[in-house]
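Examining the three-dimensional arrangement
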Amino acid sequence: RYWDGRIVKLGSRGEELIKSYEQLRLVAYLPTPDDVPTIGWGHTRGVKLGQTITEREAQEMFLGDVSIAEKIVNRLSVALTQSMFDSLTSLAFNVGTLGSSIPKALKAGDYFKAWEAFALWRKQSGKNLLGIARRRAKEMVLFLEDGII
């Protein structure tokens, strides 16, 4: 169980989950027609179509993006298991936020309500996407893997 004031880092299960959906691409591409240019393992900031990188650069970008997502989750200052932290970090990595319903539920101690709220993040440009729904389902499974606080 975590939250005793220390900073928590992404664990191996979380990294594996993120990288399984953000497959390594060394040339920038559009993951879906309504998406933004992406490179490496899901890196989007400042990416231009046609851009190329090395695997080492991809890993550096990944670690920077993970650090941002970890900060989002650590700012919650709530008790979490490692699997909860990893699943929340995966969500924040993918969408750049946890929205309002997940933090509100966690701060109220309602872990099941937070778990249910993952499913709200399944759309892109107003359309449900099966790939995003699958990712949310995997994150939801990981969220419960270590049990509930």
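Residue numbers restart at each chain and count upward from 1, following the sequence in its written direction. Local features in this predicted model are restricted to residues of pLDDT 70 or higher, and side-chain atom pairs are both shown and tallied only at a pLDDT of 80 or more, whereas totals for entire chains, interfaces and linings draw on every residue. Each side-chain value is derived from all of the structure's non-hydrogen atoms; neither hydrogens nor water enter the calculation.

All right, on to the layout of surface pockets then. Over the atoms rolls a probe the size of a water molecule, and its path tells where empty space is left. Computed over the protein atoms alone on a 1 Å grid, cavities are sets of points where a 1.4 Å probe fits but cannot get out and pockets are open sets with protein on both sides within 12 Å along at least five of seven lines; a residue lines them when it has an atom within 4 Å of a point. Grid points are joined across faces, edges and corners, and a volume is the space filled by probe spheres set on the points. Volume-wise, the largest pocket comes out at about 850 Å³. Forming the walls of the largest pocket are 32 residues, and the residues nearest its centre are Glu 22, Asp 35, Gly 42, Asn 94 and Arg 135. Going along the chain from the N terminus, every DSSP run of H or I of four or more residues is numbered as a helix, and every run of E of two or more is numbered as a strand. Contributing elements (two or more residues each) for the lining of the largest pocket: β1 (25-29), α2 (55-74), α3 (82-95), β3 (123-124) and α6 (130-145). Within the lining of the largest pocket, the residues separate by chemical class into 13 nonpolar, ten polar and nine charged. Computed from the structure, the second largest pocket encloses a volume of approximately 160 Å³. As for the second largest pocket, its lining consists of Arg 13, Glu 16, Leu 17, Ser 20, Tyr 21, Lys 138, Val 141, Leu 142 and Glu 145. Looking at the lining of the second largest pocket, the elements that each hand over two or more residues are α1 (12-21) and α6. Element by element, the count of residues in the lining of the second largest pocket is highest for α1, at five residues. For the lining of the second largest pocket, the class distribution of residues is four nonpolar, one polar and four charged. In this classification, the charged set is Asp, Glu, Lys and Arg, the nonpolar set is Ala, Val, Leu, Ile, Met, Phe, Trp, Tyr, Cys and Pro, and all remaining amino acids, among them Gly, are polar.

This part is about unusual backbone geometry. Phi angles above zero are rare outside glycine, and Ser 77 is one such case at about 55 degrees. By the secondary structure assignment, Ser 77 is in the loop between α2 and α3. Relative accessible area decides the class of each residue, using a 1.4 Å probe on protein chains only: under 20% of the type maximum gives buried, over 50% gives exposed, and in between gives partly exposed. Looking at Ser 77, the relative accessible area reads 38%, which means it is partly exposed. The phi dihedral of Ser 125 is positive, around 50 degrees, even though this residue is not glycine. Along the polypeptide, Ser 125 turns up in the loop between β3 and β4 (127-128). Residue Ser 125 is classed as exposed on the basis of its relative accessible area of 55%.

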